[in-house]
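This is what each chain is made of:
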Amino acid sequence: MTDTSSNQDETLLRFPCRFPIKAMGRTEAGIEAILIEIIERHAPETSKDELRSRPSRNGNWVSVTVEIEAHSKGQLDAIYRELSEHAQITCAF
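Computed from a predicted model, the values in this text were never measured in an experiment. (Residues numbered from 1 in each chain as written. Predicted model: local features only at pLDDT ≥ 70, side-chain atom pairs only at ≥ 80, totals over all residues. Heavy atoms only, no water.)

Looking now at helix H2 (residues 31–42). In this model H2 runs 17 Å from its N-terminal to its C-terminal C-alpha over twelve residues, within 8% of the 16 Å that 1.5 Å per residue would give. Within the sequence span of H2, burial applies to Ile 31, Ile 34, Leu 35, Ile 36, Ile 38, Ile 39 and His 42. If you follow the buried residues of H2, they end up packed against strand E1 (17–26), strand E2 (51–55), strand E3 (61–70) and helix H3 (73–85). (Helix = DSSP H or I, 4+ residues; strand = E, 2+ residues; numbered from the N terminus. Expected span 1.5 Å × (residues − 1). Buried < 20%, exposed > 50% of the residue type's maximum accessible area, 1.4 Å probe, protein only. Contact = heavy atoms within 4.5 Å.)

What follows is the structure in C-alpha coordinates.
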(Lines give C-alpha, C1' and ligand atoms only; values in the text may rest on other atoms or scores of the structure.)
Protein backbone atom coordinates (compact mmCIF):
# COMPACT_ATOMS: atom_id res chain seq x y z
CA MET A 1 0.00 0.00 0.00
CA THR A 2 1.25 3.42 -0.79
CA ASP A 3 0.86 6.67 1.02
CA THR A 4 -0.50 9.83 -0.61
CA SER A 5 -0.09 13.41 0.51
CA SER A 6 -3.86 13.96 0.68
CA ASN A 7 -4.08 10.91 2.93
CA GLN A 8 -1.43 12.42 5.22
CA ASP A 9 -3.42 15.65 5.50
CA GLU A 10 -6.48 13.82 6.88
CA THR A 11 -4.70 12.44 9.97
CA LEU A 12 -2.03 13.28 12.51
CA LEU A 13 -0.40 9.89 11.87
CA ARG A 14 2.67 9.61 9.68
CA PHE A 15 2.63 6.47 7.58
CA PRO A 16 3.96 3.87 7.72
CA CYS A 17 3.68 3.53 11.50
CA ARG A 18 3.05 0.93 14.17
CA PHE A 19 -0.60 1.11 15.22
CA PRO A 20 -2.53 -0.93 17.82
CA ILE A 21 -5.97 -2.26 16.83
CA LYS A 22 -8.16 -3.28 19.76
CA ALA A 23 -11.46 -5.18 19.76
CA MET A 24 -13.72 -6.41 22.56
CA GLY A 25 -16.37 -9.07 22.74
CA ARG A 26 -17.78 -12.00 24.70
CA THR A 27 -15.14 -14.56 25.68
CA GLU A 28 -16.94 -17.41 23.96
CA ALA A 29 -17.19 -15.51 20.65
CA GLY A 30 -13.59 -16.29 19.60
CA ILE A 31 -12.62 -12.64 19.22
CA GLU A 32 -8.93 -13.51 18.77
CA ALA A 33 -9.61 -15.55 15.62
CA ILE A 34 -12.02 -12.95 14.25
CA LEU A 35 -9.53 -10.11 14.75
CA ILE A 36 -6.67 -12.08 13.14
CA GLU A 37 -8.86 -13.01 10.16
CA ILE A 38 -9.80 -9.37 9.55
CA ILE A 39 -6.26 -8.07 10.09
CA GLU A 40 -4.82 -10.66 7.69
CA ARG A 41 -7.06 -9.29 4.93
CA HIS A 42 -5.84 -5.72 5.41
CA ALA A 43 -2.32 -6.14 6.83
CA PRO A 44 -1.16 -9.63 5.80
CA GLU A 45 2.38 -9.07 7.00
CA THR A 46 1.18 -8.86 10.63
CA SER A 47 2.48 -11.66 12.83
CA LYS A 48 0.08 -13.56 15.08
CA ASP A 49 2.75 -13.03 17.76
CA GLU A 50 1.60 -9.39 17.89
CA LEU A 51 -1.76 -10.46 19.41
CA ARG A 52 -2.39 -9.84 23.11
CA SER A 53 -5.57 -10.86 24.96
CA ARG A 54 -6.85 -9.69 28.30
CA PRO A 55 -9.94 -11.22 29.91
CA SER A 56 -12.27 -9.17 32.09
CA ARG A 57 -12.21 -9.69 35.83
CA ASN A 58 -15.12 -12.15 35.71
CA GLY A 59 -13.98 -13.76 32.46
CA ASN A 60 -17.10 -12.90 30.48
CA TRP A 61 -15.41 -10.43 28.12
CA VAL A 62 -12.07 -10.31 26.39
CA SER A 63 -10.08 -7.40 25.01
CA VAL A 64 -7.74 -8.27 22.15
CA THR A 65 -5.02 -6.01 20.77
CA VAL A 66 -2.86 -6.55 17.72
CA GLU A 67 -0.22 -4.10 16.58
CA ILE A 68 0.09 -3.64 12.82
CA GLU A 69 2.30 -1.70 10.47
CA ALA A 70 -0.25 0.80 9.17
CA HIS A 71 0.35 2.16 5.69
CA SER A 72 -2.57 4.55 5.21
CA LYS A 73 -5.68 6.05 6.75
CA GLY A 74 -7.73 4.09 4.21
CA GLN A 75 -6.25 0.83 5.47
CA LEU A 76 -7.14 1.68 9.09
CA ASP A 77 -10.63 2.83 8.07
CA ALA A 78 -11.24 -0.47 6.26
CA ILE A 79 -10.11 -2.50 9.29
CA TYR A 80 -12.32 -0.54 11.69
CA ARG A 81 -15.28 -0.65 9.32
CA GLU A 82 -15.06 -4.44 9.06
CA LEU A 83 -14.58 -4.86 12.82
CA SER A 84 -17.56 -2.58 13.54
CA GLU A 85 -19.80 -4.55 11.17
CA HIS A 86 -18.94 -7.94 12.67
CA ALA A 87 -21.74 -9.29 14.88
CA GLN A 88 -19.35 -10.81 17.47
CA ILE A 89 -17.31 -7.64 17.98
CA THR A 90 -18.86 -5.47 20.71
CA CYS A 91 -16.52 -2.53 20.06
CA ALA A 92 -13.31 -1.71 18.24
CA PHE A 93 -10.93 1.12 18.99
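Right, picking up where we left off after that structure.
Where H2 meets H3, the axes come as close as 10 Å, and the angle between the chain directions of the two elements is 150°. Considering their axes alone, H2 and H3 lie roughly antiparallel with respect to each other. Read as a crossing pair, H2 and H3 show a hand that is right-handed. On the side of H2, the interface is formed by Leu 35, Ile 38, Ile 39, Arg 41 and His 42, while H3 contributes Gln 75, Ala 78, Ile 79, Glu 82 and Leu 83. Its residues placed into classes, the contact of H2 with H3 shows six nonpolar, two polar and two charged. (Axes fitted to C-alpha atoms, helices over the stretch in contact; angles between N-to-C directions. Parallel < 35°, antiparallel > 145°, perpendicular 65-115°, else oblique. Left-handed = near helix turned anticlockwise from the far one by under 90°. Nonpolar A, V, L, I, M, F, W, Y, C, P; charged D, E, K, R; others polar.)

All right, on to the side chain of Gln 75 then. The residue Gln 75 is located in helix H3 in this model. For Gln 75, the side chain forms a polar contact with the main-chain nitrogen of His 71, separated by 2.6 Å. (Polar contact = N/O pair within 3.5 Å; in protein donor to acceptor, adjacent residues only side chain to side chain.)

Hydrogen bonding along the main chain pairs the strands of a sheet, whether they run parallel or antiparallel. If you walk across this open sheet you meet the four strands as E2-E3-E1-E4, and the pairing is antiparallel. Of all the strands in the sheet, the pair left with one neighbour each is E2 and strand E4 (91–92). In the packing of H2 onto the sheet, the strands contacted are E1, E2 and E3, and the crossing angle to E3 comes to about 20°. The strands touched by H3 within the sheet are E1, E3 and E4, with E1 carrying the most contacts at an inclination of about 5°. (Pairing = 2+ DSSP bridges.)

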